[in-house]
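Summary of structural features
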Number of protein chains: 2
Amino acid sequence: MKTADDLFKEFKILSVSEFFKKNADMLGYTGKIRSMTVLVHEMITNALDACEEAGILPEIRVEIDQRGEFHYEISVEDNATGIPLKFITNVFGKMLAGSKAHRNMQSRGQQGIGVSGAVMYSQVTTGQPATIVSSTGEDMWRVKMNLDLQKNTGKIIEKNKIKDNDGWRGTKIIIEAKDVTYNKSRYSPHNYLRMSSIANPHARIEFIEPDGTKIVFPRSSKEMPKPPKIMKLHPKGMSTDDILVMARNCRARKLGSFLRSGLTRVSRKKAEEIEQVSGVSLDKDVGKLTWDEAERIVKAFKIIDFMAPSSEGLIPIGEKNIIKGISLVNPEFSVAITRSPRTYKGGIPFIIEVGLAYGGKNGPGIDIIRYANRSPLVFDQGGCAINEAVKSIDWRRYGVNVESTPLTLFVNVTSTHIPYTSAGKQALAME
Amino acid sequence: MKTADDLFKEFKILSVSEFFKKNADMLGYTGKIRSMTVLVHEMITNALDACEEAGILPEIRVEIDQRGEFHYEISVEDNATGIPLKFITNVFGKMLAGSKAHRNMQSRGQQGIGVSGAVMYSQVTTGQPATIVSSTGEDMWRVKMNLDLQKNTGKIIEKNKIKDNDGWRGTKIIIEAKDVTYNKSRYSPHNYLRMSSIANPHARIEFIEPDGTKIVFPRSSKEMPKPPKIMKLHPKGMSTDDILVMARNCRARKLGSFLRSGLTRVSRKKAEEIEQVSGVSLDKDVGKLTWDEAERIVKAFKIIDFMAPSSEGLIPIGEKNIIKGISLVNPEFSVAITRSPRTYKGGIPFIIEVGLAYGGKNGPGIDIIRYANRSPLVFDQGGCAINEAVKSIDWRRYGVNVESTPLTLFVNVTSTHIPYTSAGKQALAME
C-alpha cells in the first residue's frame, strides 16, 4: 500500500498550451482536411477582426504552398494596424491572451486561443518556427518565433527590423504544417474562403492555391461595417459572481452609481426599484458588497422589467450585402432578411439573418450555409442549432421539395455571445 | 481609424480558471441535473482513483443535503491516503495540476481539471469556500479554501490542525452548489452511483439522499484490482514532437539507450533496425537530436514491425465482476466477456468488456450502460461510439427485438487513452 508521500511525488502542473497540445482535437485539429481549414480559419479570423476593430476595409491574401506529402506552408496577410513588436509573441504565442475574451463585444474569434493554437499545431507537426512580418506604419519587423509550451509563451528566436516599409501597414503570418492536406471539397480552405467572402462583402480576399491558381474573391461592397462596440452588460444576463467581480474592479464607490454606470438599461428609477426589491441600499460601499447582497440584487434583476439590451453594438451583414454575397452562386432569384434584434435569456442580444437563393447552383436540394458573426461554420453540421431549425420547417407548405428544389439557404447569427456547443466545434447549441 | 496602440491597450491574459469559468459547459456544467451529477462524478472519480493508486479497497460516502431551492451541499469522503497539507490547494484549487495527465497510465480522471472544476462551480454559484478534511494518518487538517480564479490557485482562508484523527485516514470534501437539482432520473447522482458500483464491485459506496434515505451499494468483491501501472510508450504511438520532448527530459545520453529505456518493445535488435531504416546513429547524443532526425526515426517506427504494446498495466473489470455487477438488475440470465487487448493505431492498448443481462429490469428494449475506465458515461448517449457500435449490430440475427427484448448491455472501454469526443462530453469518438 502506498502513502500520500509516494503518490504526491508525481504531482505536476501542466500549462494551458500543454493541455491544448494534448487535446488539439478540442481546437478542431482532427483529420488532415479539417486541420488545414482550421489553420486558415484561425489566421483569417484574426486578420478580419483586426481590420474590423481598426475600421479598415480588409485586403487579405492567403497563400498555400505544398512542401511535401501532407506538408504545406500557409500564409495570411492583412492590411490592419500591424502589431507592435512587444505584443507579437503574446498575440501568436500565448494562449488565452488577447483583446477579445474579456470584453462584451461581437467578434469572430472569442477565446484568445485561435491563432496561438495554429502556431502550436505548426510547431508540433513540423518543429518549425512561425514567421511574422508586421508593420505598424512606423516600425516594421520580421520575426521568427517558437512556442515554449511549458510556459505558454512565445519566444523570439530571430528578429530583423526592416527599415523601409514601402508604405505597407499590416501583418503577415507564415507557418508550416504537416498532417494536413489540400483539396477542393466543401470542407476545404477554398470553400471556407468563398463562404467568408459571401459574408464579408467589404473584404477583398486573394487566394493562391498550391497549384498556383490565383482566385480573387472581390470586394462587392465598399461600405465599411460599423466597428464593433463594447457593450455594457444587461442586468438579465448577470450572475452573482459576475456582479462581485465587476464590483471589485469598478471605479464607482457606491452601489447606485455602480449599477447605473456599469450596466445598461439601469436608470435612476430602475436603481431605486432594485434597492426596494433587494433591500440593499444604493449608498452601500460597492467594494464591501457581500455575496448575499449581490445575490439579492440578481434576484431583483430577475423580477424587475428592464428595456431589452441595445443591439447597436451588433453588426449584421445587412440584406443588400447578403444578396450581393449569395449572387456568387448565380441564382435565378434571391431574397434576404435581417430580423429585428432579439434577446437570449433577456440579457444577450442577437440578430438572425437569412438569405434564400433559388437555382444557379450545382445539384438539387437545400444547401445550408451557416455563419456565426460572419465566420463560416463548415464542420459539425449535424447537431447544429441552425441546421435543426432549417430541418424543423415544413418546407412542403412552401412548395419546396427538400430533395429536389435547388435552394441555397444562408443563415448568419450575430451576437456578443455565440453559444458554440464546445470549443473547436462549429455547431451552435440548441436550447 | 484606429492605430495599433489604441487596440493593444486592451490586451489582457486570462488564466485557465477564468477560461473554464467562461466555458463551464466544456466541463459538463450545463443544466441543473447534469451539473449536479457532474459535481458528484468529479468528486467520486478523484476518490476512486486515489484509492486505486494507493491499493486501498474504497469505502466512499456521498451525502447530498438540500439547502434551498436549487441549492445543495454535497460531500464525498474516501479512505485513501489523505493529502498532505501543502498539496491540498493544488489538488482542489489549481486546474491542470495533478499526478495523472502527464503519465501514460489508466485512470478515471485524466485532465487535472475535474475536482478543481467542481470547486470552481461551487464558488461561482454560491460564493462559499470548499471545506477539505484530510488525514494522512500522521497529520490531519480541516481547511476552508477559496479559488483565486485570476491566478488559477487555491487560497486557504482557514485551517485547523486536528490533533486526534481517531484512526481515520482519508479525505472528505464538502462543497455547496446552486443552479443544481436532485431527482431520481437516469441522469441523477443516484443512477450514476448505482452504475459506478456495478463497474467497481470492490468499492463500497454509501449514499445519503437529500430526504435522508440511506442507500448502500455494497462491496460484492473483496479482490483488490491491481493498481494501475505507468506504461512506457510504444513506438507506434509516438510523434516527432513527442520524441524530442522525451529526448530533452530523459537520463539516457545516447540515442540507442534512450530508445531502449524510454520506449516499450524496443530491443537491441529493433534499435539496430531503427538505426538502419532512419539513418540516425545509435551513438548520437540524444540531447542534440534534431527535428529532422526525430522525424526519420518516427518514419522508421511506422515501417518496422514491433510487438504490440503490453496491456499488463490495463485493469479490466473482469468477467466474474461484471456478472456480479449486473446482478443488480436481477436478470434471469447473464453473461460477460473480457475481450483480448487490442491496439489502437498500433501504439495504444485497449480492452473492451461486454456484459449482457436478460430480463429482470424495468421496461422492454435494450438498455445500454456505458463506461470508460470504469467511470459511468451517463450523458451524451447520441454520438457515442459505444452506442453506434451497439446500433450497428443486426440484432434480429440473434433473435433479439430491439424494441421489446428486455436486455441490459454493459460496455466498458479500458485504456491509457480514452478518446472522449471533447472535454466535458461523455461520448467516445468514432474513428
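Coordinates for the structure precede this section.
The text that follows walks through the structure, step by step, so that each part is easy to find. (Residues numbered from 1 in each chain as written. Chains lettered and ligands numbered in written order. Predicted model: local features only at pLDDT ≥ 70, side-chain atom pairs only at ≥ 80, totals over all residues. Heavy atoms only, no water.)

Looking now at the relation of the copies chain B and chain A. Each copy superposes on the other: chain B lies on chain A with an RMSD of 0.0 Å after a rotation of 180 degrees and an axial shift of 0.0 Å. The transformation just described matches what one would write down for a two-fold rotation axis. Proximity to the rotation axis, assessed at the C-alpha, singles out Val16(B) in chain B; its C-alpha lies 3.2 Å from the axis. Interface residue correspondence from chain B to chain A reaches 98%, placing this contact among same-surface, isologous pairings. (Least-squares fit on C-alpha atoms with pLDDT ≥ 70 in both. Contact = heavy atoms within 4.5 Å.)

Residues and elements named next belong to chain A. Among the nine residues that make up strand β16 (residues 407-415), nine are buried, leaving the element largely enclosed by the rest of the structure. Residues Leu-407, Leu-409, Val-411, Val-413 and Ser-415 line one face of β16 and the alternating positions Thr-408, Phe-410, Asn-412 and Thr-414 line the opposite face, and both faces are buried. In this structure, strand β13 (residues 348-358) lies alongside β16, joined through nine bridges in antiparallel fashion. Paired with Phe-350 across the two strands is Ser-415, which belongs to β16. (Buried < 20%, exposed > 50% of the residue type's maximum accessible area, 1.4 Å probe, protein only. Helix = DSSP H or I, 4+ residues; strand = E, 2+ residues; numbered from the N terminus. Pairing = 2+ DSSP bridges.)

Residues and elements named next belong to chain A. Pairing within the open sheet is mixed, and its eight strands lie in the order β7-β6-β5-β8-β3-β2-β9-β10. Bordering the open sheet on either side are β7 (153-161) and β10 (214-217), each of which pairs with just one other strand. Each neighbouring strand pair of the sheet contributes to a mean axis angle of 15 degrees, computed without reference to strand direction. Of the pairings in the sheet, the one linking strand β5 (residues 130-135) to strand β8 (residues 170-178) comprises five bridges and is antiparallel in character. Bridging from a neighbouring strand, Ile-132 pairs with Ile-173 of β8. Sitting on the sheet, helix α3 (residues 32-54) touches β2 (59-68), β3 (71-78) and β8, and the angle it makes with β3 is about 10 degrees. (Axes fitted to C-alpha atoms, helices over the stretch in contact; angles between N-to-C directions.)

In this assembly, 60 residues from chain B lie in contact with 60 residues from chain A. Linking chain B to chain A there are four salt bridges. Linking chain B with chain A are six residue pairs in polar contact (both at pLDDT 80 or more). The element contributing the most residues to the side of chain B that touches chain A is helix α2 (residues 16-22) of chain B, with five residues. Class assignment for the residues of the side of chain B that touches chain A results in 27 nonpolar, 19 polar and 14 charged. (Salt bridge = Lys/Arg side-chain N within 4 Å of Asp/Glu carboxyl O. Polar contact = N/O pair within 3.5 Å; in protein donor to acceptor, adjacent residues only side chain to side chain. Nonpolar A, V, L, I, M, F, W, Y, C, P; charged D, E, K, R; others polar.)

On the surface, a nonpolar cluster with roughly 280 Å² of combined accessible area is contributed by Phe333(A), Val335(A) and Tyr358(A). Here Tyr358(A) lies in strand β13. (Patch = residues over 30% accessible without salt bridge, like charges linked within 9 Å, V, L, I, M, F, W, Y side chains within 5 Å. Areas by Shrake-Rupley, 256 points an atom, 1.4 Å probe, with all protein chains shown as cover.)

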